[in-house]
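What the coordinates show
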Amino acid sequence: MNEPVNPVEVEAAILAAAAEIEKGVEIVSQWEEQAKDTAEDARRAFNNAYLEAKGTPTEKRIRAEIATADLRTAAQVAQVGFSTTERRLKSLEKRLSAYQSVLKSVTQMYGASGSGRGH
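Because the structure is predicted, anything quoted here is derived from the model rather than measured.

Considerations on the pattern of salt bridges
Scanning the entire structure with this criterion turns up six salt bridges. Here Glu40 and Arg44 are joined by a salt bridge, their closest N and O atoms 3.2 Å apart. Of this pair, Glu40 and Arg44 both sit in helix H1 (residues 7-52), four residues apart, roughly one helical turn. Arg61 serves as the salt-bridge partner of Glu65, at 3.1 Å between the closest nitrogen and oxygen. Of this pair, Glu65 and Arg61 both sit in helix H2 (residues 57-67), four residues apart, which is roughly one turn of that helix. Here the salt bridges share partners, and the residues they tie into one network are Glu40, Asp41, Arg43 and Arg44.

See below:
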């Protein structure tokens, strides 16, 4: 999209950014829930594997880590997805704020030039 240069274009950009933020909030929430759930699943599976493992505490820990590696990886992937999506949402919020500042400036510019006053 080209940078908006008049109030109508800036307002359209603001509405588009706001719509993206609205969608982003839902996506961030989904990633957050998945990250929490997978981390809890991995923790629970590790604890169970540790309790069932034979050997010294170190051997039990290693066996539990090996048995639950896939679950821990899934939890890490979900956490990265959550963090990345959260950063994108913050970036969108900053873009919205920038567009709002641009709107204020563009509106003042149009007001100072007399454009749109029926002259």
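Alright, that's what it looks like, and here's the rest.
A look at the side chain of Thr85
The residue Thr85 is located in helix H3 (residues 69-113) in this model. Here Thr85 falls in the buried class, since its relative accessible area comes to 13%. The residues contacting Thr85, other than those within four sequence positions of it, are Ile27, Val28 and Trp31.

Side note on the environment of Gly55
Relative to the helices and strands, Gly55 resides in the loop between H1 and H2. Overall, Gly55 belongs to the partly exposed group, its relative accessible area being 48%.

Here we look at the side chain of Thr68
Relative to the helices and strands, Thr68 resides in the loop between H2 and H3. You can call Thr68 buried: its relative accessible area is 2%. Here Thr68 is in contact with Ala45, Phe46 and Ala49, once residues within four sequence places are set aside.

Some remarks on the packing of H1 against H2
Across the interface, H1 lies against H2 with an axial gap of 8 Å and an inter-helix angle of 135°. Taken together, the axes of H1 and H2 lie oblique to each other. Between H1 and H2 lies a crossing of right-handed hand. For the pair H1 and H2, the contacting residues are Phe46, Ala49, Tyr50 and Leu51 in the first and Pro57, Lys60, Arg61, Ala64, Glu65 and Ala67 in the second.

The rules behind these values
Residues numbered from 1 in each chain as written. Predicted model: local features only at pLDDT ≥ 70, side-chain atom pairs only at ≥ 80, totals over all residues. Heavy atoms only, no water. Salt bridge = Lys/Arg side-chain N within 4 Å of Asp/Glu carboxyl O. Helix = DSSP H or I, 4+ residues; strand = E, 2+ residues; numbered from the N terminus. Buried < 20%, exposed > 50% of the residue type's maximum accessible area, 1.4 Å probe, protein only. Contact = heavy atoms within 4.5 Å. Axes fitted to C-alpha atoms, helices over the stretch in contact; angles between N-to-C directions. Parallel < 35°, antiparallel > 145°, perpendicular 65-115°, else oblique. Left-handed = near helix turned anticlockwise from the far one by under 90°.

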